[in-house]
Amino acid sequence: MSANGYRRILLKLSGEVLMGDQSFGIDPETVARVAEEVKAAKDTGLEICLVIGGGNIFRGVAGASKGMDRAQADYMGMLATVMNALAMQNALEQIGVQTRVQSAIEMDKVCEPVIRRRAERHLEKGRIVIFAAGVGAPYFTTDSGAALRAAEMKCDALLKGTSVDGVYDADPKKVPTAKRYDTLTYDRVLADNLKVMDASAVALCRDNEIPIVVFSIREQGNILKVLDGTGVSTVVKSEGK
Ligand code: UDP
């Protein structure tokens, strides 16, 4: 169990985390570094479910903005998340961490389908379960996939690793005086349209009382720091919790 009482977490990483300094795709050295961090978190005794986005390869909205059919583009985005899941599985297994990939779009040559009870068993056996292809439907994102899996796997928290160290009242890259929140309520995030995760993902976490911890994955060692309570993050939760 972590210092903040978590026994099982869902870690959501955006696809961009895997591209390192590249502007596109998968950088194996970066994937290896992130895998080391995930292993360090697991070595504390936590059970870990992992969801990785696909934005480093393809995003449905980007395709749609250039004239593609949105649903078709979204299916391509979902396939991108499977590639990232396989890359992360490879990196984790190279350092001795047992994993299973479960995809919401069935692909039995490369991974398992999503089967909750089987995922449960993998976690009990100390494996990391990487959930790919989001919720398996277009018009959603992997944030919604992460919230859904966090709920069905009864995770104690959803940790969202991004390129910024929390949620700000303005874009910190553009506004130097932007202020970072330590905590926020789900309702405030939704009412103010703060860019934490998409609204459906935030609502699902709210309805299931799953705290969302937003932190920077770019800073080395940060997953562990966030878990032991010394890292910088913004925690989204219910009033008074
Ligand atoms: N996607 C989808 N349904 C899902 C999950 C993902 O259609 O349940 C598609 C969507 O096109 C999305 C892309 O997959 O843009 C990549 O996922 P996402 O944008 O969430 O990746 P991230 O921004 O986290 O890298």
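Residues numbered from 1 in each chain as written. Predicted model: local features only at pLDDT ≥ 70, side-chain atom pairs only at ≥ 80, totals over all residues. Heavy atoms only, no water.

Comments concerning the overall build of the protein
Within the protein one finds 8 helices and 9 strands. Compactness check: the protein gives a C-alpha radius of gyration of 17 Å against a globular reference of 18 Å for 241 residues, within 12% of the reference. By its C-alpha atoms, the protein is 50 × 45 × 35 Å across when sized along the principal axes. Every one of the 241 residues in the protein was classed for burial, and the buried ones make up 48%. Counting only contacts in the protein whose residues sit at least 6 apart along the sequence, the fraction spanning at least 24 positions is 70%. Working note: accessible area of the protein is about 11400 Å², and carbon and sulfur atoms make up 50% of it. For the protein, the centre of its 31 positive side-chain charges and the centre of its 31 negative side-chain charges are spaced 3 Å apart. (Helix = DSSP H or I, 4+ residues; strand = E, 2+ residues; numbered from the N terminus. Rg over C-alpha atoms; globule rule 2.2 N^0.38 Å. Buried < 20%, exposed > 50% of the residue type's maximum accessible area, 1.4 Å probe, protein only. Contact = heavy atoms within 4.5 Å. Areas by Shrake-Rupley, 256 points an atom, 1.4 Å probe, with all protein chains shown as cover. Lys, Arg positive; Asp, Glu negative; His and termini not counted. Charge placed at Lys NZ, Arg CZ, Asp CG, Glu CD.)

Thoughts on the side chain of histidine 122
Considering the arrangement of structural elements, one finds histidine 122 in helix H4 (residues 116-124). Filtering out sequence-adjacent residues up to four positions away, histidine 122 remains in contact with Arg100, Gln102, Glu112, Arg127 and Val129.

Here's the deal with the pattern of salt bridges
Applying the stated criterion across every chain yields a total of 19 salt bridges. A salt bridge links lysine 12 to aspartate 143, with the shortest nitrogen-to-oxygen separation between them at 2.7 Å. Remark: aspartate 143 occurs in helix H5 (residues 142-152) and lysine 12 occurs in strand S1 (residues 8-13); sequence separation between them is 131 residues. Of the two residues, lysine 12 and aspartate 143, neither departs from the other in class, the shared state being buried. (Salt bridge = Lys/Arg side-chain N within 4 Å of Asp/Glu carboxyl O.)

Points about the site of the ligand
Neighbouring residues of the ligand: 20 residues in total, closest Gly15, Asp74, Val135, Ala137 and Thr142. A distance of 2.9 Å is found between an oxygen atom of the ligand and a side-chain nitrogen or oxygen belonging to lysine 12. Protein burial of the ligand: of its 520 Å² of free accessible surface, 94% is covered by the chains. Using a 2 Å cut-off from the grid points, one finds that the ligand occupies the largest pocket. It is helix H3 (residues 70-94) that provides the largest number of residues to the shell around the ligand, a total of 3 residues. (Near = heavy atom within 4 Å. Polar contact = N/O pair within 3.5 Å; in protein donor to acceptor, adjacent residues only side chain to side chain. 1 Å grid on protein atoms, 1.4 Å probe; cavity = no way out; pocket = protein on both sides within 12 Å on 5 of 7 lines; lining within 4 Å. Sits in = over half its atoms within 2 Å of the grid points.)

Comments concerning the pairing of strand S8 (residues 212-216)
The two faces of the sheet receive side chains in turn, since in a regular strand these alternate between them. With 5 of 5 residues buried, S8 is to be regarded as a mostly interior element. Here 4 bridges tie S8 to strand S9 (residues 233-237), and the two strands are oriented antiparallel to one another. When the bridges of S9 are listed, phenylalanine 215 appears paired with serine 233. (Pairing = 2+ DSSP bridges.)

Some thoughts on the layout of surface pockets
Within this model, the largest pocket holds a volume of roughly 1200 Å³. Lining the largest pocket are 50 residues, with Arg59, Asp143, Lys160, Val196 and Met197 positioned closest to its centre. Tallying contributions element by element places H3 first for the lining of the largest pocket, with 6 residues. Residues belonging to the lining of the largest pocket are distributed by class as follows: 23 nonpolar, 15 polar and 12 charged. (Points joined across faces, edges and corners; volume = space filled by probe spheres on them. Nonpolar A, V, L, I, M, F, W, Y, C, P; charged D, E, K, R; others polar.)

Description of the side chain of threonine 234
Here threonine 234 is to be found in strand S9. With sequence-adjacent residues up to four places away left out, threonine 234 is seen in contact with Asp165, Gly166, Val167, Arg180, Tyr181, Asp182, Leu184, Ile212, Val213 and Val214.

So, the sheet that holds strand S5 (residues 128-132)
Pairing in this open sheet of 9 strands is mixed, and the strands run S4-S3-S5-S2-S1-S6-S8-S9-S7 from one edge to the other. Each edge of the open sheet carries a strand with a single partner, namely strand S4 (112-113) and strand S7 (183-185). Here 5 bridges tie S1 to strand S6 (residues 157-162), and the two strands are oriented parallel to one another. What sits directly across from leucine 10, in S6, is leucine 158. Against the sheet, helix H1 (residues 28-42) engages S1, strand S2 (47-52) and S5, with an angle of about 155 degrees to S2. (Axes fitted to C-alpha atoms, helices over the stretch in contact; angles between N-to-C directions.)

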